[in-house]
Amino acid sequence: MNTLRNGEYFGETNQKINLKGLTITDTEYTHPYVDWHYHENAYFTFLLQGNMTEGNRKETYGCSAGTLLYHHWEDPHYNIKPDIFTRGFHIEITQDWLDRFDIQKNKAEGSFSIKNPALKLLVYQLFKETKINNNSLEANVNQLLLHLFSELACEKKENKERKPVWVGQINEILHECTTEDLTLSGISKTLNIHPVHLSRDFHKYFHCNLGEYLRKTKVSQSMKLLNTPSSLTDIALECGFADQSHFTRCFKENIGITPLKYRNLLRNH
């Protein structure tokens, strides 16, 4: 089985940034099929454009733009890519980095897909930082990555606890109906839960209020469409924003720059 060393991926790397204990790459995938292999370090893969299939010993993922995967070190997997342009952003993490910040590997073990839109937005911010590449790049990347690991550790702890059935149900509703006018009372009625109970416990399981979570989900969805020729107005409406100005405001609050500036960063690779 092939072992890929630090910073190695199957494809054409457009950008590689080496920081202390981290290797960050922006890579175009060029192989239609990559046989079973593993990487010597743990890493995140964020699909910026295109589609691919990834399989490991437990699961197979259909990955489209906006998919975020975490891979434990030396965890074998394979990849299949259709005949379209596909591009991935990787953050590879050495044991030295984990030791320096006192992060245990078992806080995020195995390979898994990360669905939480708030965590995806953290990785979009990481991507933005690597394209701006200012004097505080390393400090900003470390801060965002530590935040990401902290949130993953919280999710892992919560997953061990028994959650109410409505948590899974509401998650499906929020991800499948982002363009609809979802309200606390409407969701409460759908799930047959008192709105006071839902409002009180929502933050416990989603770490923000309903409105914030919906905005993060919509912004995350919009990031995929910024790869397309669609106008910002069309993207705003497709993702459920009232208008382009509302979209721009929410986007900047979450990512730090406007959708247009982000689109330009994405295209100038």
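Scroll up to find the structure.
Cut-off values and rules
- For every chain, the first residue of the written sequence is number 1, and numbering continues from 1 onward in sequence order.
- For a predicted model such as this one, the threshold for reporting local features is a pLDDT of at least 70, and the threshold for listing and counting side-chain atom pairs is 80 or more; totals across whole chains, interfaces and linings nevertheless cover every residue.
- Side-chain metrics in this entry use all non-hydrogen atoms of the structure; hydrogen atoms and water are not considered.
- The way it works is that DSSP assigns letters per residue, a run of H or I at least four long becomes a helix, a run of E at least two long becomes a strand, and they are numbered from the N terminus.
- Atoms counted for the radius of gyration: C-alpha only. Globule rule: 2.2 Å times residue count to the power 0.38.
- Every residue pair with non-hydrogen atoms within 4.5 Å of one another is taken to be in contact.
- Per-residue and other accessible areas follow the Shrake-Rupley method at a 1.4 Å probe size, with only the shown protein chains counted as cover for residues.
- Counting rule applied: Lys, Arg positive; Asp, Glu negative; His and chain ends not counted.
- Here the site of a charge means NZ on Lys, CZ on Arg, CG on Asp, or CD on Glu.
- In what follows, salt bridge is the name for a side-chain nitrogen of Lys or Arg lying within 4 Å of a carboxyl oxygen of Asp or Glu.
- Exposure is judged per residue with a 1.4 Å probe applied to protein chains only, and the accessible area is read against the type maximum: over 50% gives exposed, under 20% gives buried, and values in between give partly exposed.
- For two strands to be treated as a pair, DSSP must find no fewer than two bridges joining them.
- Simply put, an axis is a line fit to the C-alpha atoms, just over the touching stretch for a helix, and the angle between two N-to-C directions goes from 0 to 180 degrees.

A. Quick peek at the overall build of the protein. Assigned secondary structure in the protein consists of 10 helices and 11 strands. Whereas a compact globule of 269 residues would reach a radius of gyration of roughly 18 Å, the protein reaches 19 Å, a difference of no more than 12%. Along the three orthogonal principal directions, the C-alpha set of the protein runs to about 55 × 45 × 40 Å. Long-range contacts, defined as pairs at least 24 residues apart, comprise 70% of the intrachain contacts of the protein with a sequence gap of at least 6. About 13300 Å² of surface is accessible on the protein, with carbon and sulfur atoms providing 46% of the total. Each charge sign in the protein was given a centre, from 31 positive and 32 negative side chains, and these centres are 4 Å apart.

B. The pattern of salt bridges, seen in detail. A complete count under the given rule lists 5 salt bridges for this structure. For K128, the salt bridge identified is with E129, shortest N-O distance 3.8 Å. Assessed through its relative accessible area of 11%, E129 is described here as buried. Across the salt bridge formed by R200 and D201, the nearest N and O atoms sit 3.3 Å from each other. Residue classification places R200 among the exposed positions, given a relative accessible area of 54%. Overlapping salt bridges, with partners in common, bring together D26, R87 and K131 in one network.

C. Representation of the sheet that holds strand 2 (residues 12-19) in the model. Read from one edge of the open sheet, 6 strands run 2-3-10-5-8-11, paired in antiparallel fashion. In this open sheet, the two strands that pair with only one neighbour each are strand 2 and strand 11 (112-114). With strand direction ignored, the average angle separating the axes of adjacent strands in the sheet is 20°. Across 7 bridges, strand 5 (residues 42-49) lies against strand 10 (residues 86-93) in antiparallel orientation. Looking at strand 10, one finds that T45 is bridged to H90. On the sheet, helix 2 (residues 117-132) packs against strand 2, strand 3 (22-29), strand 5, strand 8 (68-71), strand 10 and strand 11 and is oriented at approximately 90° with respect to strand 10.

D. Main features of the sheet that holds strand 6 (residues 51-56). In spatial order, the strands read 1-4-9-6-7; together these 5 strands make up an open sheet with mixed pairing. Where the open sheet ends on each side, the last strands, each with one partner, are strand 1 (2-4) and strand 7 (60-64). On average, adjacent strands in this sheet sit at an angle of 35° to one another, irrespective of strand direction. In this sheet, strand 9 (residues 77-80) lies alongside strand 4 (residues 33-39) in antiparallel orientation, the contact comprising 3 bridges. Counted as the bridge partner of H37 is H77 from strand 9.

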